[in-house]
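Fold and geometry: a report
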Amino acid sequence: MSLKNDLLLRAARGESTDRTPVWLMRQAGRILPEYRAVREKLSGFKELVETPELAAEVTIQPVDILEVDAAIIFSDILVIPEAMGLTYEMIEKKGPHFPKTIKSSSDIDTLKVADPSELSYVYDAIKLTKSELNNRVPLIGFAGAPWTIFSYMVEGGGSKTFSKARGMLYTNPSDAHRLLDMITNTTIGYLKSQIAAGADLIQIFDSWAGVLPPNHYWEFSLKYISEICDAIDEVPITVFAKGAWFALKEMNDLNCNTIGLDWNMDPLKTREVLNSKTLQGNLDPCALYSSFDEIEKETKKMLDQFEGHPHIANLGHGVYPDTDPEKVKCFINSVREFSSR
Ligand code: 1CP
């Protein structure tokens, strides 16, 4: 059965579309009261991620409520370290925490390249979502980029400086490569299984790309993203590397269809460099704190800057949890209205 709304896939392939497709990173989550209602009844975030019926329900909520042009499977990038042998906890209102972290070579010895079957609850959620979506819109599967996953495994959570993770690249580069290689191989198997379960497009999130100096970015991040892109040819791939403005030229050579831009990147300059890619983004998530009129204006300004280049509208990073859903709808409706040809 073909998709009723395939705008996202057409734009990703660089084909012309009647209007610009739009979705939001972190659209399934705390901005929606309907999400919070499901979440409140549970023991925690992990129960939601690991229960396919519930994950499918919150994945579809933004399609019904916000009328976005794609669903993104409700999960987290941290299921990968867990499958490799490093469990995480999700602390309410704070974020992820790893009770045990990777400090040495012997810590890496305790990890494994995970068999894709370890994450069968994600594929079950994808299958269920696909069936409940009934081909209304495409479903996006995702994973963290190896460098971003590595950062969490070494830091044990988020960080202001990422000094432990970045430090290891100087003090023990060979172990860093060994761990990045294990993460990469686990991720390739995981993404292939997501595609087999029905994911129509894959996005790779390199949320902490921007903390690395350019030479380290190529050696310890882009190299592995490139391996993942080369291994996956079944569906279009989007690479979102936050803060990696210094590596755009190299990203134009990746074997992927779309590059996600954060709000620091200038669309006009970027599209000259990334001339062979569809571009996704990149309104500042804080623009959604402004008035309805301002949101319309800012969205139109953004669309104008991408005009004539294959484009998927989105924010420059995930929508902030305290954003009014009516403002999110205003952004989405503005994209529909101003991009119709
Ligand atoms: O209880 C809750 O609701 C916790 C909040 C939450 C949510 C809704 C977390 C904790 N993860 C998620 C879901 C999630 N995570 C999705 C769902 C699909 C969607 O986008 O709608 C996705 C794609 C992610 C991916 C993710 N997790 C990234 C990459 C994207 C990005 O935002 O840069 C990262 C870095 C994470 C780690 C993570 N998980 C949760 C939090 C609060 C964080 C970030 C912590 C930090 O700043 O270090």
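Our structure is the block above this text.
Now for a quick tour of the structure. Since the model is a prediction, treat every value here as computed from it, not as a measurement. Starting from 1, residues in each chain are numbered consecutively following that chain's sequence as written. The predicted nature of this model means local features are confined to residues of pLDDT at least 70 and side-chain atom pairs, given and counted, to a pLDDT of 80 or more, with totals for whole chains, interfaces and linings taken over all residues. Just so you know, side-chain values use all the structure's heavy atoms and leave hydrogens and water out.

**Brief notes about the packing of helix H4 (residues 52-65) against helix H7 (residues 120-133)**
This is how the line gets drawn: Axes, fitted as lines to C-alpha atoms, cover a helix only where it is in contact. Angles between the N-to-C directions of the axes lie from 0 to 180 degrees. Strands here are runs of E lasting at least two residues and helices are runs of H or I lasting at least four, both read from the DSSP assignment and numbered beginning at the N terminus. Angles below 35 degrees are treated as roughly parallel, those above 145 as roughly antiparallel, those between 65 and 115 as roughly perpendicular, and all remaining angles as oblique. Throughout, a crossing is termed right-handed when the near helix is turned clockwise from the far one, and left-handed when it is turned anticlockwise from it by less than a right angle. Contacts were defined at the residue level, with two residues in contact if any of their heavy atoms lie within 4.5 Å. Three classes are used: nonpolar for Ala, Val, Leu, Ile, Met, Phe, Trp, Tyr, Cys and Pro, charged for Asp, Glu, Lys and Arg, and polar for all others, with Gly counted as polar.
Viewed as axis vectors pointing N to C, H4 and H7 meet at an angle of 45 degrees, and their least axial separation amounts to 8 Å. Considered as vectors, H4 and H7 are oriented oblique to each other. By crossing handedness, the relation of H4 to H7 is classed as right-handed. Taken together, the residues of H7 that come into contact with H4 (itself represented by Pro-52, Glu-53, Ala-55, Ala-56, Thr-59, Ile-60 and Val-63) are Tyr-121, Asp-124, Ala-125, Leu-128, Thr-129, Glu-132 and Leu-133. In terms of residue class, the contact of H4 with H7 is built from nine nonpolar, two polar and three charged.

**Quick word on the sheet that holds strand S4 (residues 139-144)**
Here is the rule we go by: Two strands are counted as paired when DSSP detects at least two bridges linking them.
The strand order across the open sheet built from seven strands is S1-S4-S5-S6-S7-S8-S9, with neighbouring strands paired in parallel fashion. Two strands close off the open sheet at either side, each with one partner strand: strand S1 (71-72) and strand S9 (311-315). Pairing analysis gives two bridges linking S1 to S4, with the strands arranged parallel. If you follow Ile-72 over to S4, its bridge partner there is Ile-140. Those strands touched by helix H10 (residues 173-197) are S4 and strand S5 (201-206), and its axis lies near 170 degrees from that of S4.

**Brief notes about the site of the ligand**
The condition is simple: Here, proximity means that at least one heavy atom of the residue falls within 4 Å of the molecule or strand. Counted as a polar contact is a pair of N or O atoms within 3.5 Å, where, for protein atoms, one must be capable of donating a hydrogen and the other of accepting one, and residues adjacent in sequence contribute only when both atoms are in side chains.
Lining the immediate surroundings of the ligand are 23 residues, of which Tyr-35, Arg-39, Tyr-152, Ser-207 and His-317 lie closest. Contact between the ligand and Ala-28: an oxygen atom at 2.9 Å from a main-chain N or O atom of the residue. Tallied by class, the residues present in the shell around the ligand amount to 14 nonpolar, five polar and four charged.

**Looking at the pairing of strand S8 (residues 278-283)**
For the record, the criterion: Each residue's exposure class comes from its accessible area (1.4 Å probe, protein chains only) as a fraction of the maximum for that residue type: buried when under 20%, exposed when over 50%, partly exposed otherwise. A clockwise path from the first strand over the helix to the second, with the strands pointing away from the viewer, defines a right-handed crossover.
By the criterion of burial, S8 is predominantly enclosed, with six of the six residues buried. Both strand S7 (residues 258-260) and S8 contribute to a ladder of three bridges, which runs parallel. Within the sheet, the bridge partner assigned to Thr-258 lies in S8 and is Thr-278. Between the parallel elements S7 and S8, the chain passes through helix H13 (residues 267-273) in a crossover that is right-handed. Looking at chain direction, S8 and S9 are connected through five bridges and run parallel.

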